[in-house]
Amino acid sequence: MKEQRLLRIRELVSHQEIETQEELVRALEEAGFQVTQATISRDIKELQLIKIVGSNGKYKYAIPTATNTVSLDALRRRLADVFISQARASNLIIIKVAPGNAHAIGALMDALNPPGLLGTICGDDTMLLVCQDEQSAIDLLNDVLDVG
């Protein structure tokens with residue numbers, strides 16, 4: 001059942017402009033799958049779905065492709081659209097963004113793979129960036145993120 005659901009999610013986000021988890025839940029229910037928002041959230045993580053700008057100018061879920069290259073400018077533009085605040089403690093950076101955007105920004109950050117970044121952990125509106133040392137965190141904030 002899970003594999004069928006994941007396949008259906010891939011089909012839905014490939015052929016429709018699904019903007020929210022709630023829309024995805026409704027679309028799956030219409031297709032005969034009984035799911036909760038929590039299940040969809042886990043499925044989105046497993047499928048590593050990202051958000052991109054749809055034809056209507058709003059962000060929608062999409063399947064990442066190997067040919068998608070992330071530029072520094074693309075990351076900065078996307079982050080600027082949803083940025084709320086940032087804080088740093090030694091080698092750790094916390095970034096607050098508009099609700100529902102942390103995973104997309106985290107995926108872009110991971111794809112960009114800037115020097116000194118060990119990894120990201122993302123919730124709904126909060127990102128934790130773990131850098132290898134304090135100077136790497138400072139450099140990431142100043143040279144890569146350039147926000148706030």
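Provided above is the structure to which this section pertains.
Residues numbered from 1 in each chain as written. Predicted model: local features only at pLDDT ≥ 70, side-chain atom pairs only at ≥ 80, totals over all residues. Heavy atoms only, no water.

Asker: Is there a simple way to think about the overall build of the protein chain in this case?
Answerer: The helix and strand inventory of the protein chain stands at 6 helices and 6 strands. Reading the protein chain from its N end, one meets helices and strands in the order α-α-α-β-β-α-β-β-α-β-β-α. For 148 residues, the compact-globule estimate of 2.2 N^0.38 gives 15 Å, and the protein chain sits close to it at 16 Å. C-alpha atoms of the protein chain, sized along the principal axes, occupy 50 × 25 × 25 Å. The proportion of buried residues among the 148 residues of the protein chain is 37%. (Helix = DSSP H or I, 4+ residues; strand = E, 2+ residues; numbered from the N terminus. Rg over C-alpha atoms; globule rule 2.2 N^0.38 Å. Buried < 20%, exposed > 50% of the residue type's maximum accessible area, 1.4 Å probe, protein only.)

Asker: Explanation requested: the pairing of strand β5 (residues 117–122) in the structure shown.
Answerer: Both faces of the sheet carry side chains from a regular strand, because those side chains alternate between them. In the sheet, β5 pairs with strand β6 (residues 126–131) via 5 bridges, with the strands oriented antiparallel. Counted as the bridge partner of C122 is M127 from β6. Where β5 folds back on β6, the antiparallel hairpin that results is connected by 3 residues. (Pairing = 2+ DSSP bridges.)

Asker: Looking at this structure, how should I read the nonpolar core?
Answerer: Generally speaking, soluble globular proteins have nonpolar side chains that are buried together. The biggest cluster of nonpolar side chains holds 19 residues, and the ones touching the most others in it are I93, I95, M109, M127, L129, L140 and L145. Ranked by residue count, the leading element in this core is helix α6 (residues 134–145), at 5 residues. Discounting chain neighbours no more than four positions away, the residues touching L129 are N91, L92, I93, I95, M109, L117, G119, T120, L140 and L145. Counting 16 residues, the second largest nonpolar core, distinct from the first, contains V25, L28, I44 and L47. (Core = buried A, V, L, I, M, F, W, Y, C linked by side-chain atoms within 4.5 Å. Contact = heavy atoms within 4.5 Å.)

Asker: Can you walk me through the sheet that holds β5 in this structure?
Answerer: Sheets are built from strands that pair by backbone hydrogen bonding, the pairs being arranged parallel or antiparallel. The strand order across the open sheet formed by 4 strands is β3-β4-β6-β5, and the pairing between neighbours is antiparallel. Either end of the sheet is taken by a strand with one partner, and the two such strands are β3 (83–89) and β5. Adjacent strand axes in the sheet meet at a mean angle of 15 degrees, parallel and antiparallel pairs treated alike. In this sheet, strand β4 (residues 92–97) lies alongside β3 in antiparallel orientation, the contact comprising 6 bridges. The residue bridging A87 from the neighbouring strand is I94, located in β4. The strands touched by helix α5 (residues 102–112) within the sheet are β4, β5 and β6, with β5 carrying the most contacts at an inclination of about 165 degrees. (Axes fitted to C-alpha atoms, helices over the stretch in contact; angles between N-to-C directions.)

Asker: How do you make sense of the packing of helix α1 (residues 2–15) against helix α2 (residues 21–30) when you look at a structure like this?
Answerer: In helix packing, the relevant descriptors are the interaxial angle and the interaxial distance, both defined with respect to the helix axes. Viewed as axis vectors pointing N to C, α1 and α2 meet at an angle of 115 degrees, and their least axial separation amounts to 11 Å. Seen from above, α1 lies across α2 with right-handed handedness. Of the residues in α2, those touching α1 at R5, R8, I9 and L12 are L24, A27 and L28. (Left-handed = near helix turned anticlockwise from the far one by under 90°.)

Asker: How do you make sense of the packing of helix α4 (residues 72–82) against α6 when you look at a structure like this?
Answerer: One way to put it is that α4 packs onto α6 with a least axis distance of 10 Å and a crossing angle of 95 degrees. When the axis of α4 is compared with that of α6, the two are roughly perpendicular. Where α4 abuts α6, its residues L72, L75, R76 and L79 lie against D143, V144 and L145. Per-class residue counts for the contact of α4 with α6 are 5 nonpolar, no polar and 2 charged. (Parallel < 35°, antiparallel > 145°, perpendicular 65-115°, else oblique. Nonpolar A, V, L, I, M, F, W, Y, C, P; charged D, E, K, R; others polar.)

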